[in-house]
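If you want the building blocks of each chain, they are given just below.
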Amino acid sequence: MDKQLILVLGPTAVGKTDYAIELARKYSSPVISCDSRQIFTEMRIGTAPPSEDQLRQVRHYFIFSNSVSEYYSAGRYEVEAMALLTRLFKEHDRLVMAGGSGLYADALCYGLDDFPPADQELRKKLTDRALNEGLEVLARELKEADPESWASIDLSNRQRVVRALEVTLSTGRKFSSFKSSPRKSRPFGIERLCLTLPREELYRRINMRTEKMFEAGLVDEVRSLAPYRNMPALRTVGYREVFDYLDGHISLDETIALVQRNTRHYAKRQITWFAPVEKKISL
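Residues numbered from 1 in each chain as written. Predicted model: local features only at pLDDT ≥ 70, side-chain atom pairs only at ≥ 80, totals over all residues. Heavy atoms only, no water.

Describe helix H4 (residues 102-110), with residues and values.
Counting buried positions along H4 gives seven out of nine residues, so the element sits mostly inside the fold. Listed in full, the buried residues belonging to H4 are Gly102, Tyr104, Ala105, Asp106, Ala107, Leu108 and Cys109. On its buried face, H4 sits against strand E1 (4-9), helix H3 (74-88), strand E4 (94-98), strand E5 (189-196) and helix H12 (252-274). (Buried < 20%, exposed > 50% of the residue type's maximum accessible area, 1.4 Å probe, protein only. Helix = DSSP H or I, 4+ residues; strand = E, 2+ residues; numbered from the N terminus. Contact = heavy atoms within 4.5 Å.)

Below, the structure written as structure tokens:
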């Protein structure tokens, strides 16, 4: 195809932003973000968005474009990103997209699967159990019922764990089995690149970046978002742990260590999600 989307994928802290900017400058392209958290304007520290200098180098889309007070989904991203690409491809032959949100990337590349409607009663029961018994209990049940979903989704995200278990229990089919509907065709070619680093170096970067987030004021950022703490966007690594600290459940040192550990676990799940990508680039 004449038009080509270059999609830069990889785990958190691997270096996607710098790599994408380099490609964007090469092709005179903007960078379209494919990140489910950097889209929120109030989350400027804990999501590790591009720096002000990086944002100045090339035009970015879907960075700080929406408020955390509103619900945003992969389905909405698919629609809005496709509309943006349609417009930008009128001026560009190559466009660069970058991010680590596997669900958003798949929504854009292939379209979302036709999942069954929500079972609201079962969802409420599972959500109550997650709150009372702990999300880890539901995650273990998901691992037993659907190990494929357990290995690929963010297990610290209550909404996603509950949804996967809800679909599995209500339909008798694994949540992962619904990811098999025909892929939507796109009017442009897609080249998927997956950046990789040695595990030790990736973990070192994650640990250092976490410390810098706290030095930059992550606790104050999370405190300012307390009115929205039940929104899905804030049930994520870096925010959930700090809310526990602000509630007096853990110390600051424990909070930092937990964010580092949970971010490493998240990176492992991202690596699993992007494993099928054929073109790997070692940094």
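So what's going on with the packing of aromatic side chains? Which residues, and what values?
As enumerated under the stated definition, the model contains four aromatic pairs in all. One aromatic cluster is present, built from ring pairs that chain together Phe62, Tyr72, Tyr77 and Tyr104. A cation over an aromatic ring shows up here: Arg44 above the ring of Phe64, its NZ or CZ 3.9 Å from the ring centre. Here the guanidinium or amino end of Lys143 rests over the ring plane of Trp150, the centre of that ring lying 4.5 Å away. (Phe/Tyr/Trp six-rings, centres within 6.5 Å; stacked < 30°, edge-to-face > 60°. Lys NZ or Arg CZ within 6 Å of the ring centre and 35° of its normal.)

For the layout of surface pockets, give the residues involved together with the corresponding values.
Of the voids in this model, the second largest pocket is the one considered here, and its volume is about 890 Å³. As for the second largest pocket, its lining consists of 27 residues, of which Leu135, Glu136, Leu155, Ser156 and Arg240 are closest to the centre. Counting residues per element, the ones that place at least two in the lining of the second largest pocket are helix H5 (120-133), helix H6 (135-145), helix H11 (240-246) and H12. Element by element, the count of residues in the lining of the second largest pocket is highest for H12, at six residues. Among the residues forming the lining of the second largest pocket, the class breakdown is nine nonpolar, six polar and 12 charged. (1 Å grid on protein atoms, 1.4 Å probe; cavity = no way out; pocket = protein on both sides within 12 Å on 5 of 7 lines; lining within 4 Å. Points joined across faces, edges and corners; volume = space filled by probe spheres on them. Nonpolar A, V, L, I, M, F, W, Y, C, P; charged D, E, K, R; others polar.)

Which residues make up empty space enclosed by the protein, and what values do they have?
Where empty space is left in the structure can be found by rolling a water-sized probe over the atoms. This structure, assessed with the given rule, holds one cavity of 30 Å³ or more. Along its surface, the largest cavity is lined by Arg37, Phe40, Glu70, Tyr71, Tyr72, Met231, Pro232 and Ala233. For the lining of the largest cavity, the class distribution of residues is six nonpolar, no polar and two charged.

Geometry only, nothing functional implied.
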